[in-house]
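Chain by chain, the residues run as shown.
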Amino acid sequence: LAFALSEDWQESKTTRAEKTEQGYVINGRKVYVNQAREADWIIVLCEVEGGLSLFLLEKGRSGLFLGKDFQRSSAYELSWSEVILQNVEAKDEDLIGEDAGAEELCELALAQAGAGASAMAIGILNEALREIKSGFQREKFGMMEYELAELSIGLESARALTYQSAYGIDKNFIGYEKKACLLYTSDAADEL
């Protein structure tokens, strides 16, 4: 599965899905789509009348092509490719969620990804701090004790933010995904 979200900021044309009697017709171009070459299905974010929608499209569908590859680092060396959509027909059942309801779905996905990424970063930082403390000798590193204490407090704050966000997402608190997104994408997370 690949997620086609990014567009070339230099181009004014956006990926659009026009409503038809049979469903939708999608036209546009997405760039930097991770694992597009390896995926069997691609989720495409499109502008529609009234907002944004997500469509699940199987590769090989008429009008859906992969373009050039981009050189970027990727986990497991997966590709970064361009996805081109030329008069791709999509049915109503290809729509994910409600028509023009993609913004809310994307916010929820971002909040969940933010909590997961934060949890991984906290785990890495926690292990690094444990390693530093295990080799720490007070006699040799006078001021480092203060720095380690400050780092430990920051780690606990980050852990609390991540747990709180994950709890809110897990319990489906109304509007919580927006608050979690704001926390993870602002300086507020650094200040906690």
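Residues numbered from 1 in each chain as written. Predicted model: local features only at pLDDT ≥ 70, side-chain atom pairs only at ≥ 80, totals over all residues. Heavy atoms only, no water.

Draft legend 1. Broad picture of the side chain of Asp94. Locating Asp94 in the fold gives a position in the loop between β7 (80-90) and β8 (95-96). Judged by relative accessible area, Asp94 falls into the buried class, the value being 12%. Side chain to side chain, Asp94 and Arg61 meet in a polar contact 2.8 Å long. In this structure, Asp94 is in contact with Leu54, Phe55, Leu56 and Arg61, ignoring residues within four places of it in sequence. (Helix = DSSP H or I, 4+ residues; strand = E, 2+ residues; numbered from the N terminus. Buried < 20%, exposed > 50% of the residue type's maximum accessible area, 1.4 Å probe, protein only. Polar contact = N/O pair within 3.5 Å; in protein donor to acceptor, adjacent residues only side chain to side chain. Contact = heavy atoms within 4.5 Å.)

Draft legend 2. Here's a closer look at the nonpolar core. Core analysis: the largest hydrophobic core is formed by 20 residues, its most contacted members being Ile26, Phe55, Leu57 and Leu85. Of all the secondary structure elements, the ones that give two or more residues to this core are β1 (2-4), β3 (24-34), β4 (41-48), β5 (51-58) and β7. Not counting chain neighbours up to four residues away, the residues in contact with Ile26 comprise Thr15, Arg16, Ala17, Cys46, Phe55, Leu57, Leu85, Gln86, Asn87, Val88 and Ala90. (Core = buried A, V, L, I, M, F, W, Y, C linked by side-chain atoms within 4.5 Å.)

Draft legend 3. Expanded view of a negative patch on the surface. On the surface, Glu49, Glu98, Asp99, Glu103 and Glu104 cluster together into a patch of negative charge. Inspection of the secondary structure puts Glu49 in the loop between β4 and β5. The exposure class assigned to Glu49 is exposed, which follows from its relative accessible area of 76%. (Patch = residues over 30% accessible without salt bridge, like charges linked within 9 Å, V, L, I, M, F, W, Y side chains within 5 Å. Areas by Shrake-Rupley, 256 points an atom, 1.4 Å probe, with all protein chains shown as cover. Salt bridge = Lys/Arg side-chain N within 4 Å of Asp/Glu carboxyl O. Lys, Arg positive; Asp, Glu negative; His and termini not counted. Charge placed at Lys NZ, Arg CZ, Asp CG, Glu CD.)

Draft legend 4. Highlighting a nonpolar patch on the surface. The grouping of Leu1, Trp41 and Leu56 at the surface amounts to a nonpolar patch, some 270 Å² of accessible area in total. Relative to the helices and strands, Leu1 is located in the segment before β1. Note on Leu1: relative accessible area 56%, which makes it exposed.

Draft legend 5. Here's a closer look at the packing of aromatic side chains. This model, assessed by the stated rule, comprises two aromatic pairs. Between Tyr24 and Phe55 the ring centres are 4.9 Å apart and the planes differ by 70°, which places this aromatic pair in the edge-to-face class. Placement of the pair is Tyr24 in strand β3 and Phe55 in strand β5, with a sequence separation of 31 residues. Of the residues examined, Tyr24 reaches a relative accessible area of 4% and is grouped as buried. By relative accessible area, Phe55 is classed as buried at 0%. For the pair Tyr32 and Phe70, a centre-to-centre distance of 4.3 Å together with 40° between the ring planes defines the contact as tilted. (Phe/Tyr/Trp six-rings, centres within 6.5 Å; stacked < 30°, edge-to-face > 60°.)

Draft legend 6. Structural context of the side chain of Thr15. Within the fold, Thr15 resides in the loop between β1 and β2 (16-19). Within the local environment of Thr15, its side chain forms a polar contact with the side chain of Glu7, the two groups lying 2.9 Å apart. When sequence neighbours within four positions are dropped, the list of residues in contact with Thr15 reads Glu7, Ile26, Asn27, Gly28, Arg29, Lys30, Val44, Leu45, Cys46, Glu47 and Leu85.

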